[in-house]
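Notes for the structure review
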Amino acid sequence: MLSGGQDSTTCLYWALRRFDHVEAVTFDYGQRHRVELAAAARIAADAGVRQHLLPINTFSALGGNALTDAAMAPETGLRADGDSELPNTFVPGRNLIFLTFAAALAWQRQLDHLVVGVAQTDYSGYPDCRAPTLAALQQALTLGLDRAIAVHAPLMQLSKADTVRLAAEVGALPALAHSHTCYHGAVPPCGECAACQLRARGFAEAGVEDPLVARCREEAACR
């Protein structure tokens with residue numbers, strides 16, 4: 001599952017190290033940061049994998065979150081530890097739907113493994129990014145498709161700094177120069193939204209310069 005972001009790009013290269021055949025699936029769900037669709041296409045092409053782009057317009061119709069509702073602005077800053085309130089960037093059911101569609105595609109393509117870049121250590125606390133959710137969904141998909149489906153979440157227990165280190169280990173850093181994280185769709189990153197701040201903190205703690213920031217510094221257009 002390739003969104004074009006830091007985590008999914010890292011997972012793509014993780015998968016390329018472990019599986020003989022890898023395909024990417026990207027979802028157009030009406031996200032305001034639509035630049036990530038172009039990022040995903042570029043990353044998949046550079047990695048030499050087939051990319052499937054699937055449209056899902058239901059989340060835009062539902063609204064009520066800052067990623068698909070133009071009337072809402074993504075929250076800025078990171079949440080304090082222990083804050084149990086979900087941020088307004090939570091899209092209810094998004095990963096449940098994404099994994100279900102990805103499994104349907106995998107069934108058609110005769111593939112048995114799904115790789116997703118979710119992490120329950122992320123600041124946001126999204127409930128559909130937690131290990132118990134993925135375990136339950138893996139069982140439901142296996143039963144519903146009558147086929148053993150394995151859901152892999154390589155980043156589940158990693159901090160953002162650890163994710164950066166894993167990206168370096170699997171050779172994903174060059175691809176991250178073309179990845180996208182900013183909730184506002186800004187290139188270079190806005191540096192204000194929670195996604196940008198979390199990414200910046202991870203690279204800083206890992207002692208690695210963000211390849212995207214380096215590219216934007218070197219290229220006038222940064223596109």
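Before reading on, note that the structure itself is shown above.
Quick look at the structure, then. (Residues numbered from 1 in each chain as written. Predicted model: local features only at pLDDT ≥ 70, side-chain atom pairs only at ≥ 80, totals over all residues. Heavy atoms only, no water.)

1. Remarks on the overall build of the chain
Rule in force here: Strands here mean DSSP runs of E at least two residues long; helices mean DSSP runs of H or I at least four residues long; both are numbered from the N terminus. C-alpha atoms define the radius of gyration in this analysis, and the globule rule sets the expected value at 2.2 Å times the number of residues to the power 0.38. For each residue, the accessible area found with a 1.4 Å probe, counting protein chains only, is set against the maximum for its type, and the residue is called buried under 20%, exposed over 50%, and partly exposed in between. Contact between two residues is taken to exist if any of their heavy atoms lie within 4.5 Å; hydrogens are not considered.
Helix and strand content of the chain: 9 helices and 4 strands. Along the chain, helices and strands appear, N-terminal first, in the series α-β-α-β-α-α-β-α-β-α-α-α-α. Its C-alpha atoms give the chain a radius of gyration of 17 Å, within 12% of the compact-globule value 17 Å for 223 residues. Its C-alpha atoms put the chain at 50 × 35 × 30 Å along the principal axes. Residues counted as buried form 48% of the 223 residues belonging to the chain. Across the chain, every contact between residues at least 6 apart in sequence was considered, and the portion connecting residues at least 24 apart equals 73%.

2. Thoughts on helix H8 (residues 194–206)
Filter applied, for reference: To estimate how far a helix should reach, multiply one less than its number of residues by 1.5 Å.
The first and last C-alpha atoms of H8 sit 18 Å apart over 13 residues, in line with the 18 Å expected at 1.5 Å per residue. Taken residue by residue, H8 has Ala-194, Ala-195, Cys-196, Leu-198, Arg-199, Gly-202, Phe-203 and Ala-206 as its buried positions. Summarising the contacts, the buried residues of H8 are in contact with helix H1 (6–18), helix H6 (160–170), helix H7 (173–176) and helix H9 (211–218). Looking at the residues trailing H8, positive phi occurs at Gly-207, about 70 degrees.

3. Structural notes on H1
For H1, which comprises 13 residues, the first-to-last C-alpha distance of 19 Å matches the rise-based estimate of 18 Å (1.5 Å per residue) to within 8%. Counting buried residues along H1, 10 of its 13 residues qualify, which places the element largely inside the surrounding structure. Looking at the buried residues of H1, the elements they touch are helix H2 (35–47), strand E3 (113–115), strand E4 (150–152), H6, H7 and H8.

4. Observations regarding the nonpolar core
Threshold: What is meant by a nonpolar core is a set of buried Ala, Val, Leu, Ile, Met, Phe, Trp, Tyr and Cys residues, joined one to another through side-chain atoms within 4.5 Å.
Met-1, Phe-27, Phe-98, Leu-99, Leu-114, Val-116 and Leu-134 are the most contacted members of the largest nonpolar core, which totals 31 residues. Elements with a contribution of two residues or more to this core: strand E1 (23–28), helix H4 (94–108), helix H5 (131–145) and H8. Sort the elements by how many residues they give to this core and H4 lands first, with 6 residues. Not counting residues up to four positions away in its chain, the partners in contact with Leu-99 are Met-1, Leu-114, Val-116, Leu-134, Leu-137, Leu-141 and Val-151. In this structure, Val-22, Ala-161, Val-164 and Leu-166 belong to the second largest nonpolar core, which totals 26 residues.

5. A short note on the pattern of salt bridges
When the charged atoms of two side chains with opposite charge come close together, those side chains can pair. Going by this rule: Any carboxyl oxygen of Asp or Glu within 4 Å of a side-chain nitrogen of Lys or Arg constitutes a salt bridge here.
Inspection of the entire model under this criterion finds 9 salt bridges. The residue Asp-28 makes a salt bridge to Arg-34 at a minimum N-O spacing of 2.8 Å. Owing to a relative accessible area of 39%, Arg-34 belongs among the partly exposed residues under this scheme.

6. Points about the side chain of Ser-8
This is how it is decided: Polar contacts, as used here, are pairs of N or O atoms within 3.5 Å; protein pairs need one atom able to donate a hydrogen and one able to accept it. Residues neighboring in sequence count only if both atoms are side-chain atoms.
Counting through the fold element by element, Ser-8 comes out in helix H1. Looking at Ser-8, its side chain comes within polar contact range of the main-chain nitrogen of Ser-3, at 3.0 Å. A distance of 3.4 Å separates the side chain of Ser-8 from the backbone nitrogen of Gly-4, its partner in a polar contact. Once residues within four sequence positions are removed from consideration, Ser-8 is found in contact with Met-1, Leu-2 and Ser-3.

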